[in-house]
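Each chain is listed here by its residues.
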Amino acid sequence: MIIASQKSVREIADNLTKHKRISVAGCGTCVAVCFAGGERESEILASALRMFFKLKSRKVEIRQQTVKRQCEWEFIEELKENIDWADIVVSTACGIGVQAVQKKYLPKRVLPGLNTSFMGMPTSPGVWKERCLGCGDCVLDETGGICPIARCAKNLLNGPCGGSQNGKCEISKDIDCAWQEIYDRLKVLGLLDSMNEIALPKNWSTSRDGGPRRIVREDVNT
């Protein structure tokens, strides 16, 4: 799941000073689950912006609308009426959604209302932790289902490093050592012997060095 957090109202408002009609577009999937940009959060943002501008004695009109996903054209189409009406758009989707809406509705300007952080999972109420970097060369089969790229501060494929102490990362005592967790997981799975094998350098060509990535499923790309 993509995790994001909302920008401050002031930061968003600073980019709206010349506009009188503002559309706040929410996204009902990932950012709704992490309580950052779903219907409830985008409505709160719209209300906060109304209050902000009222205190500044500025007259603005703000409409709010949430669609299921802003990363798919069929759902973005539902935003058309409000976006056509507006001078500017504030999207509370992740960075992918912002880019999609901007492309669809040029030359209307679309601003991000969130800071997109990482791909992760909820570990307790209101807490999300990074679990995947989307590197395109998954090694979870070798590490007991624990990603050393996302969860080790040094992205080590052979660990732990010398800085690991008592199961904690040298970066902070609040951070568990990913390789300690990998060791513990492999022990439960009866695969500890696999740690004797030296992992080869990672194939980073599947990550970002080749430019924006693209996946094509030939069986559905008709």
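Residues numbered from 1 in each chain as written. Predicted model: local features only at pLDDT ≥ 70, side-chain atom pairs only at ≥ 80, totals over all residues. Heavy atoms only, no water.

Engineer: So what exactly am I meant to see when it comes to the side chain of K108 here?
Structural biologist: Its place among the elements puts K108 in the loop between helix 6 (95-104) and strand 5 (109-112). Here K108 is buried and forms no salt bridge, its nearest opposite-charge partner D84 lying at an N-O distance of 5.3 Å. In contact with K108, not counting residues within four places along its chain, are I83, D84, A86, D87, I88, V89 and Q102. (Helix = DSSP H or I, 4+ residues; strand = E, 2+ residues; numbered from the N terminus. Buried < 20%, exposed > 50% of the residue type's maximum accessible area, 1.4 Å probe, protein only. Lys, Arg positive; Asp, Glu negative; His and termini not counted. Salt bridge = Lys/Arg side-chain N within 4 Å of Asp/Glu carboxyl O. Contact = heavy atoms within 4.5 Å.)

Engineer: Sorry, what's going on with the side chain of S42 here?
Structural biologist: Note that S42 resides in helix 3 (residues 39-55). Residues within four places of S42 in sequence aside, it is in contact with V24, G26, G37, Q64, T66 and T92.

Engineer: What's the story with the packing of aromatic side chains in this structure? I'm lost.
Structural biologist: Describing an aromatic ring pair means giving the distance of the ring centres and the angle of the ring planes. Inspection of every chain in the model, using the stated rule, returns two aromatic pairs. Both rings, one in F52 and one in F53, keep their centres 5.5 Å apart while their planes meet at 85°; by these two values the pair is edge-to-face. Take F53: its relative accessible area is 2%, and that puts it in the buried class. Just above the ring of W85 sits the side chain of R63; from NZ or CZ to the centre is 4.1 Å. (Phe/Tyr/Trp six-rings, centres within 6.5 Å; stacked < 30°, edge-to-face > 60°. Lys NZ or Arg CZ within 6 Å of the ring centre and 35° of its normal.)

Engineer: What exactly am I supposed to notice about the sheet that holds strand 1 (residues 2-6) here?
Structural biologist: To summarise the sheet geometry, strands pair through backbone hydrogen bonds and adopt either a parallel or an antiparallel arrangement. Spatially, 1-6-7 is the arrangement adopted by the three strands of the open sheet, whose pairing is antiparallel. Each of the sheet's edge strands pairs with one partner strand only, and the pair in question is strand 1 and strand 7 (127-132). Along the sheet, successive strands turn relative to each other by an average axial angle of 70°, direction set aside. Direction of pairing for strand 1 relative to strand 6 (residues 114-124): antiparallel, over a ladder of five bridges. Residue I3 lies in a different strand from strand 6, and its bridge partner there is F118. (Pairing = 2+ DSSP bridges. Axes fitted to C-alpha atoms, helices over the stretch in contact; angles between N-to-C directions.)

Engineer: Looking at this model, I keep getting lost on helix 8 (residues 178-189). Mind explaining?
Structural biologist: Since the α-helix packs 3.6 residues into each turn, any two residues three or four apart lie on the same face. Taking 1.5 Å of rise per residue, the 12 residues of helix 8 would be expected to cover 16 Å, and the 16 Å separating its terminal C-alpha atoms lies within 8% of that figure. Buried within helix 8 we find A178, W179, I182 and L186. Down the axis of helix 8, the sector holding all buried residues measures 90°, keeping them to one side. Turned more than 90 degrees from where helix 8 packs its buried face, K187 and V188 sit exposed. Those residues of helix 8 hidden inside the fold are in contact with helix 7 (148-151) and strand 9 (172-176). (Expected span 1.5 Å × (residues − 1). Arc of directions from axis to C-beta.)

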